[in-house]
Amino acid sequence: MTDRIFSAPTTINLELTEICNSRCRHCYNFWRQEGGHRISLSNDSVDRLVKMFVDAGVFHVVLSGGEPLCTFDLLEYALKRLKEGGLTVSCNSNLMLATDEKMRRLREAGLDHVLTSLNSHDPAVNDYMVNQPGAFNRIIAGIELARRNDIRVSANMIVCRQNMDHVYQTGRLAANLGCQRIFGTRVVPCVTLRDVHGTDYDMEKKDALYVLDELVRVKDDAGIMIGSLVSYPLCLLGDLERYADFVGRGCPAQRGHRMNINANGDGHACVHESISYGNVFQEGLVAVWRKFREWHAGEYLHAQCRSCAFEHVCNSGCRMSALALNGSLHGPDPLMCGPEGMTKPYKLVYDESFHLRVKQGVRFRVPQRIRFRREDGYCLLNIRWANTIMVENSVAQFLERHKDAHTTFDCAEFGSERSALLAELYFKDAVESDDIAYDDERSRVGLSADLTVSR
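Below: a short report on this structure. (Residues numbered from 1 in each chain as written. Predicted model: local features only at pLDDT ≥ 70, side-chain atom pairs only at ≥ 80, totals over all residues. Heavy atoms only, no water.)

1. Concerning the sheet that holds strand 3 (residues 88-92)
Pairing between the strands of a sheet comes from backbone hydrogen bonds, and it takes one of two forms, parallel or antiparallel. Here we have nine strands laid out as an open sheet, ordered 7-6-5-4-3-2-1-8-9, and mixed in their pairing. Only two strands of the sheet have a single partner each, and these edge strands are strand 7 (225-227) and strand 9 (267-268). Bridge analysis of strand 1 (residues 11-15) against strand 8 (residues 258-261) gives four bridges, and the strand direction is parallel. For leucine 14, the partnering residue across the bridge sits in strand 8 and is isoleucine 261. Packed on one face of the sheet, helix 1 (residues 43-56) meets strand 1, strand 2 (60-64) and strand 8 and runs near 170° to strand 1. (Pairing = 2+ DSSP bridges. Helix = DSSP H or I, 4+ residues; strand = E, 2+ residues; numbered from the N terminus. Contact = heavy atoms within 4.5 Å. Axes fitted to C-alpha atoms, helices over the stretch in contact; angles between N-to-C directions.)

Below is the structure:
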C-alpha cells in the first residue's frame with residue numbers, strides 16, 4: 001500500500017501568526033524580514049479553516065507561527081474551535097511568553113502537548129542560536145509552567161556544529177525538567193542562505209552519527225524518549241535496530257501526511273519550503289493539496305534511492321537539505337551513504353516469543369481514541385495525534401466494529417494468518433490488552449514506526 005496517494009492531508013501545520021519574539025539564526029521562515037507588517041489569522045479565517053479540515057477528514061493540527069503565544073487570544077480561540085471540530089491539537093512554542101494563567105487556560109481549552117525549543121544546556125549557546133539574550137531562562141521557566149499545568153512537553157534541539165557536543169547534557173536537562181521526549185533535529189539550512197558549505201549548518205556524516213549516539217545514550221541513562229523532526233537517511237544509520245527511534249518518521253511531505261499553511265493561507269508541502277502551491281482561502285484545501293502531487297508520487301527521490309528496499313520509508317532522507325547543500329530537490333541528501341551502508345534491518349517486534357503469546361489467545365481491544373478515514377481501496381487509521389498508518393479495508397472494518405461494540409478479540413478472531421500484523425498493531429498502540437505488560441517499551445519504540453517498515 002506504500003504507493004497510495006491520500007485524498008487530503010492527515011496533519012496540518014497551521015501558522016497562526018508571523019509575529020515572533022525571537023530571531024533564530026537557523027529559522028526556516030523565508031518570509032521573515034527585519035521590520036514590516038506581520039500577518040496573523042483572524043477568528044473568521046480560523047473558522048473557515050476548521051470547516052475545511054473537518055470536511056477533508058484531517059486528524060491532527062499543529063498550531064505554530066511565528067510564535068503562537070504572541071497572539072494568545074487567537075491561539076486559545078483556534079484551539080477551542082479545532083477541539084469542537086473533533087480534531088486533536090498540539091502547539092509549537094518557544095514558551096518564553098508563558099505564564100501560569102496562559103498555560104492554565106490552554107490546558108482548560110484542551111491543549112495537552114507543546115513542542116518547545118531547547119538548543120543547549122548552556123545558556124550562552126542557547127541564547128546565541130535563538131538570537132535572544134535571556135532566552136534560556138525564559139524557556140526553562142516556560143517548560144516548568146507547562147508541566148505544572150499538566151501539559152506534556154517535548155524539547156526540540158536543532159543540532160548543528162555549534163551545539164553538537166551538547167546533546168547529551170541537554171537531553172539530561174530536558175529529562176530533569178519532566179519533558180517526555182528530546183528531539184535531536186538536524187538543522188535544515190534556510191533557503192535564503194547562499195553558501196551553506198563551511199558554515200555551522202554543514203554537518204558531516206560522522207557528526208550526525210555522533211549526535212544520534214549521544215541521543216541513544218541519554219535515552220539509556222535518563223529514560224527520556226528520543227527522536228528527530230527531520231529524517232536521517234537510513235543508509236547513514238546502517239544499524240536500524242540500534243537507531244530504531246529514528247527509522248519510522250521518513251518525510252511527512254513525500255509520504256502524503258502533512259501540509260503547511262501560512263498565516264496568509266498559502267500552502268506548502270514542507271515547512272522549510274519557500275514555494276507556495278496556492279492559497280487555501282482562494283482555492284480550497286483539497287485543490288491546493290492536489291498540487292503537491294510530485295511530492296506524493298516520489299518525483300523528488302534521488303535516483304540512487306529508487307532501487308533501495310527502504311525507499312518508501314526513507315524517502316531519500318531530507319529533500320530540503322538536498323536542495324540547500326546539493327542544489328536540487330532530486331539530489332542526494334548530504335548525509336546519504338548508499339545501499340552499502342545498511343547493516344541491520346528494522347523490525348517493530350524483536351521479541352519472537354511475543355508472537356507466540358499473541359497466538360495463544362491474548363485478548364485485545366480497540367481504544368476509543370482510534371479514528372478511521374476511508375480512502376480509495378484502503379483505510380487510514382489514526383492512532384493518536386499525528387500518528388496515522390495505512391491498513392487494508394478488511395482490517396479497518398474489523399477494528400472499527402470492535403471499537404464501536406466495546407468488545408475484545410483474540411488472534412483467532414482477527415485471523416491467525418495476520419498474527420504478525422496484530423503484534424505490530426499492539427506495539428503501534430493501535431490495540432491494547434490487559435494481558436500484556438509491554439506498555440513502557442511499546443511507548444518508547446512503536447509510536448515512531450510505520451508498519452510498512454517492520455516486515
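2. Some thoughts on the pairing of strand 2
Buried residues dominate strand 2, accounting for five of its five residues. Side chains His60, Val62 and Ser64 project from strand 2 onto one buried face, and the interleaved Val61 and Leu63 project onto a second face that is buried too. Looking at chain direction, strand 1 and strand 2 are connected through five bridges and run parallel. Counterpart to glutamate 15 in the pairing with strand 2 is serine 64. Two elements, strand 2 and strand 3, share four bridges in a ladder whose sense is parallel. Bridge assignment links valine 61 to a residue of strand 3, and that residue is valine 89. In the classification by handedness, the crossover that spans strand 2, the intervening helix 2 (residues 72-84) and the parallel strand 3 is right-handed. (Buried < 20%, exposed > 50% of the residue type's maximum accessible area, 1.4 Å probe, protein only. Right-handed = clockwise from strand over helix to strand, strands pointing away.)

3. A word on the packing of helix 2 against helix 3 (residues 100-109)
For the pair helix 2 and helix 3, the least separation of the axes is 9 Å and the interaxial angle reads 15°. The angle between helix 2 and helix 3 falls in the class roughly parallel. Note on packing geometry: the crossing formed by helix 2 with helix 3 is right-handed. Within the contact between the two elements, helix 2 uses Phe72, Asp73, Leu75, Glu76, Leu79, Lys80 and Lys83 and helix 3 uses Lys102, Arg105, Leu106 and Ala109. (Parallel < 35°, antiparallel > 145°, perpendicular 65-115°, else oblique. Left-handed = near helix turned anticlockwise from the far one by under 90°.)

4. As for the nonpolar core
Of all hydrophobic cores here, the largest spans 127 residues; its most connected members are Leu14, Phe53, Leu63, Leu285, Leu399 and Leu425. Here this core takes seven residues from helix 5 (residues 135-148), the largest share from any one element. Counting residues in hydrophobic clusters, the runner-up holds six residues, among them Val125, Met129, Cys160 and Val187. (Core = buried A, V, L, I, M, F, W, Y, C linked by side-chain atoms within 4.5 Å.)

5. Observations concerning the pairing of strand 3
Here strand 3 pairs with strand 4 (residues 113-117) via two bridges, running parallel. Each bridged residue has a counterpart across the sheet, and for asparagine 92 the counterpart in strand 4 is leucine 115.

6. So, the sheet that holds strand 12 (residues 387-391)
What the three strands build is an open sheet, ordered 10-11-12; its pairing is antiparallel. Edge positions in the sheet fall to strand 10 (371-374) and strand 12, since each has one partner strand and no second. Between one strand axis and the next, the sheet turns by 25° as a mean value, whatever way the strands run. Note: strand 10 against strand 11 (residues 379-384), four bridges, orientation antiparallel.

7. Some details on the environment of arginine 363
Mapping arginine 363 onto the fold places it in the loop between helix 14 (352-359) and strand 10. Judged by its relative accessible area of 31%, arginine 363 falls in the partly exposed class. Aside from chain neighbours lying at most four places away, what touches arginine 363 is Thr408, Phe409, Asp410, Glu413, Glu432, Ser433 and Asp435.

8. So, empty space enclosed by the protein
With the rule as written, the count across this model stands at three cavities of 30 Å³ or more. In this model, the largest cavity occupies a volume close to 140 Å³. What lines the largest cavity is a set of 15 residues, among which Cys235, Cys305, Cys308, Cys314 and Met336 lie closest to the centre. Those elements that provide at least two residues to the lining of the largest cavity are helix 8 (234-237) and helix 12 (311-314). For the lining of the largest cavity, the per-class residue count stands at 10 nonpolar, four polar and one charged. (1 Å grid on protein atoms, 1.4 Å probe; cavity = no way out; pocket = protein on both sides within 12 Å on 5 of 7 lines; lining within 4 Å. Points joined across faces, edges and corners; volume = space filled by probe spheres on them. Nonpolar A, V, L, I, M, F, W, Y, C, P; charged D, E, K, R; others polar.)

9. A short note on the side chain of histidine 60
Mapped onto the secondary structure, histidine 60 falls in strand 2. Polar contacts involving the side chain of histidine 60 include one to the side chain of threonine 88, which spans 2.7 Å. A polar contact of 3.0 Å, which involves the side chain of histidine 60, links it to the side chain of serine 90. The residues touching histidine 60, leaving out its near neighbours within four places in the chain, are Thr10, Thr11, Ile12, Leu87, Thr88, Val89, Ser90, Trp385 and Ala386. (Polar contact = N/O pair within 3.5 Å; in protein donor to acceptor, adjacent residues only side chain to side chain.)

10. Digging into the packing of helix 4 (residues 123-130) against helix 5
Relative orientation of the contacting elements helix 4 and helix 5 amounts to 95°, with a least axis distance of 8 Å. For the element pair helix 4 / helix 5, the angle class is roughly perpendicular. The segment helix 4 lies against helix 5, with Pro123, Asn126, Asp127 and Val130 engaging Ala135, Phe136 and Ile139. Residue composition of the contact of helix 4 with helix 5, by class: five nonpolar, one polar and one charged.

11. Some details on helix 4
Here helix 4 has its buried residues at Val125, Asn126, Asp127, Met129 and Val130. The secondary structure elements touched by the buried residues of helix 4 are helix 5 and strand 5 (152-159). Two residues or fewer past helix 4, asparagine 131 is found with a positive phi of approximately 60°.

12. Focus on the state of the cysteines
Scanning the model with the defined rule gives zero disulfides in all. The cysteine cysteine 308 is free of any disulfide, with cysteine 305 supplying the nearest cysteine sulfur at 6.8 Å. (Disulfide = S-S within 2.5 Å.)

13. Remarks on the pattern of salt bridges
Applying the stated criterion across every chain, the model contains 25 salt bridges. For arginine 105, the salt bridge identified is with aspartate 73, shortest N-O distance 3.7 Å. With arginine 105 in helix 3 and aspartate 73 in helix 2, this residue pair connects regions lying 32 residues apart in the sequence. In this structure, glutamate 108 engages arginine 104 in a salt bridge whose closest nitrogen and oxygen atoms are separated by 3.3 Å. Taken together, the residues glutamate 108 and arginine 104, both in helix 3 and four residues apart, mark about one turn of the helix. (Salt bridge = Lys/Arg side-chain N within 4 Å of Asp/Glu carboxyl O.)

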